[in-house]
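Chains, contacts and geometry: an overview
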Amino acid sequence: MEKLDELLESLKRRELVKKEDDRKNCIFWILAIVGAVAVIAGIAYAVYRYMTPDYLDDFDDDFDDDFEDEDEDSEEPEETEAEEKPVEEEKAEAASEEKAEAEEK
């Protein structure tokens, strides 16, 4: 009878150990599947980034060209105004000098 009790206890222990192993095995498979999905997603993203053209470079070039054109357009009127002011001042100075000379005579 003792041997039979020992045999039953050993079977119960094996069943408990087997259940624990099944739980560990299940967790292992779940983690393996999640890891595989993450690897596949990483590869897909890398291929996407490699295959997609870089539109930002074209945008930056166009933006820089447009910005430079605006700078050139806005600088041109300022330069002409700056050039006109001394000419007007020179004319005014010349006129005042002529009046001064006329008054002296």
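See the structure printed just above.
Before going into details, it helps to say that this report is about the structure given with it. (Residues numbered from 1 in each chain as written. Predicted model: local features only at pLDDT ≥ 70, side-chain atom pairs only at ≥ 80, totals over all residues. Heavy atoms only, no water.)

In the structure shown here, the tally under the stated rule is 1 aromatic pair. Judged by centre distance (6.0 Å) and plane angle (75 degrees), the ring pair of F28 and W29 falls under edge-to-face. Owing to a relative accessible area of 51%, W29 belongs among the exposed residues under this scheme. (Phe/Tyr/Trp six-rings, centres within 6.5 Å; stacked < 30°, edge-to-face > 60°. Buried < 20%, exposed > 50% of the residue type's maximum accessible area, 1.4 Å probe, protein only.)

This part is about the pattern of salt bridges. Taken as a whole and judged by the stated rule, the model has 1 salt bridge. R13 is the partner of E9 in a salt bridge, and the nearest nitrogen-oxygen pair spans 3.7 Å. One end of the pair, E9, and the other, R13, are both in helix α1 (residues 2–51), 4 residues apart, so they sit about a helical turn from each other. (Salt bridge = Lys/Arg side-chain N within 4 Å of Asp/Glu carboxyl O. Helix = DSSP H or I, 4+ residues; strand = E, 2+ residues; numbered from the N terminus.)

Another point: a negative patch on the surface. Together, E88, E89, E90, E93, E97, E98, E101, E103 and E104 make up a region of like negative charge exposed at the surface. Considering the arrangement of structural elements, one finds E89 in helix α2 (residues 55–104). (Patch = residues over 30% accessible without salt bridge, like charges linked within 9 Å, V, L, I, M, F, W, Y side chains within 5 Å. Areas by Shrake-Rupley, 256 points an atom, 1.4 Å probe, with all protein chains shown as cover. Lys, Arg positive; Asp, Glu negative; His and termini not counted. Charge placed at Lys NZ, Arg CZ, Asp CG, Glu CD.)

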